[in-house]
Amino acid sequence: MQITDRIVVVTGGGSGIGRAMCVAFADAGAAAVVAADLDGDRAAQTVAAIGEGRAVAETVDVARSDSVQALVERTTARFGRIDVFCSNAGIIVRGDQDRPTAEWQRIWEVNVLAHVHAANAVLPQMLARGEGYLVQTASAAGLLSQVDSAAYATTKHAAVGFAEWLSIAYHDRGIRVSCLCPQGVLTPMLLGPAGDRQGFLAPTAVAADKVAADVLQAIADETFLILPHPEVRTFIQRKAADYDRWLAGMRRLRAKVMAGEQPVIRG
């Protein structure tokens, strides 16, 4: 699919990867870009960076099905359709399996159910036209793991699984699906609000603009798996080739991370 003259919605569009995608879609000639975010002011800042008339800011709580449905209805009423829906918003809860149930519930709602809500809201019109594109942001943690966050690793695995299922179920009905699985990206989630967090993924992190460019290319090529870090493909292959050896390596990585060391991530 080409982005030119398309109507694109991006959740989590107020910062990070979401903002970079909004800008990239606008620059690629989208007819309209909807930057949707829980923080409406940040969404408005994204629109200001793009330029009035080329983008629209919306406030949405992706954890609520009614909020996502309302976003789709407002956008469709305004522009007539939605061609591409990027379900991008996500959060992280660091810690082991013993985090409070409320934290597990919240990250499940944002990192998994938000994708379900988006599909339920936008698929009917896409299926009626026989065309549409879903971009779902997961993480390399959904293919491998997140050694310092049980909840993030688990929910991102679920996000990958749902994206796979959507592609299996709807590809033959004209729906294309891409699953974005970056490793470290230079965003507030990785670096912290002040940009000074020194996480173990920071040394190999890429710019959000690079990720957005990869998303555009994947949509043009209709590629399912988007890997801004090519080494992740190698890690997946090692995991599949010898699961026990891969687990042993991940245990060593976790030990270093939890000890405050800065491990070297090699492809």
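Everything quoted here is computed from the prediction, not taken from an experiment.

Q: Run through the overall build of the protein, naming residues and quoting values.
A: Within the protein, the secondary structure is distributed over 9 helices and 7 strands. A globule of 267 residues ought to have a C-alpha radius of gyration of about 18 Å, and the protein, at 18 Å, matches this closely. Projected onto its principal axes, the C-alpha positions of the protein cover 50 × 40 × 35 Å. In the protein, which comprises 267 residues, the share counted as buried stands at 52%. The long-range share in the protein, meaning contacts at least 24 apart out of those at least 6 apart in sequence, stands at 68%. Of the roughly 12000 Å² of accessible surface on the protein, 51% is carried by carbon and sulfur atoms. In the protein, 26 positive and 28 negative side-chain charges are present, and the distance between their average locations comes to 4 Å.

Q: Could you give me a rundown of the packing of helix H1 (residues 16-27) against helix H2 (residues 40-50), with the residues and numbers involved?
A: With their axes 10 Å apart at the nearest point, H1 and H2 run at an angle of 30° to one another. Between H1 and H2, the angle falls in the class roughly parallel. The way H1 lies across H2 gives a crossing that is right-handed. Judged by residue contacts, Arg19, Cys22, Val23 and Ala26 of H1 engage Arg42, Gln45, Thr46 and Ile50 from H2. Looking at the contact of H1 with H2, its residues break down into 4 nonpolar, 2 polar and 2 charged.

Q: Outline unusual backbone geometry, supporting the account with residue identities and numerical values.
A: Positive phi values are uncommon outside glycine, yet Asp5 reaches one of about 70°. As for its placement among the helices and strands, Asp5 is situated in the segment before strand E1 (7-11). Even without being glycine, Glu222 reaches a positive phi, approximately 55°. In this fold, Glu222 is placed in the loop between helix H7 (208-221) and strand E7 (225-226).

Q: Tell me about H7, and please be specific about residues and values.
A: Residues spaced three or four apart along an α-helix face the same direction, because each turn holds 3.6 residues. With 14 residues, H7 extends 20 Å from end C-alpha to end C-alpha; this agrees with the ideal 20 Å at 1.5 Å per step. Contacts made by the buried residues of H7 are with H1, strand E4 (84-87), strand E5 (132-137), strand E6 (175-180) and E7. Phi turns positive, to about 55°, at Glu222, one or two residues after H7.

Q: Run through H1, naming residues and quoting values.
A: For H1, with 12 residues, the first-to-last C-alpha span of 17 Å sits near the 16 Å given by 1.5 Å per residue. Here H1 has its buried residues at Ile17, Gly18, Ala20, Met21, Cys22, Ala24, Phe25 and Ala26.

Q: Break down the pairing of E6 for me, citing the residues and quoting the values.
A: Within E6, 6 of the 6 residues are buried, leaving the element largely enclosed by the surrounding structure. Across the two faces of E6 the burial is the same, with Ile175, Val177 and Cys179 and Arg176, Ser178 and Leu180 all buried. Taken together, the 6 bridges between E5 and E6 define a ladder with parallel strand orientation. Paired with Val135 across the bridge in E6 is Ser178. You can see the chain leave E5, run along helix H5 (residues 150-170) and come back into E6, and the turn it takes is right-handed. Pairing analysis gives 2 bridges linking E6 to E7, with the strands arranged parallel. Within E7, the position partnered with Cys179 by the bridge is Leu225.

Rules of the game
- Residues numbered from 1 in each chain as written.
- Predicted model: local features only at pLDDT ≥ 70, side-chain atom pairs only at ≥ 80, totals over all residues.
- Heavy atoms only, no water.
- Helix = DSSP H or I, 4+ residues; strand = E, 2+ residues; numbered from the N terminus.
- Rg over C-alpha atoms; globule rule 2.2 N^0.38 Å.
- Buried < 20%, exposed > 50% of the residue type's maximum accessible area, 1.4 Å probe, protein only.
- Contact = heavy atoms within 4.5 Å.
- Areas by Shrake-Rupley, 256 points an atom, 1.4 Å probe, with all protein chains shown as cover.
- Lys, Arg positive; Asp, Glu negative; His and termini not counted.
- Charge placed at Lys NZ, Arg CZ, Asp CG, Glu CD.
- Axes fitted to C-alpha atoms, helices over the stretch in contact; angles between N-to-C directions.
- Parallel < 35°, antiparallel > 145°, perpendicular 65-115°, else oblique.
- Left-handed = near helix turned anticlockwise from the far one by under 90°.
- Nonpolar A, V, L, I, M, F, W, Y, C, P; charged D, E, K, R; others polar.
- Expected span 1.5 Å × (residues − 1).
- Pairing = 2+ DSSP bridges.
- Right-handed = clockwise from strand over helix to strand, strands pointing away.

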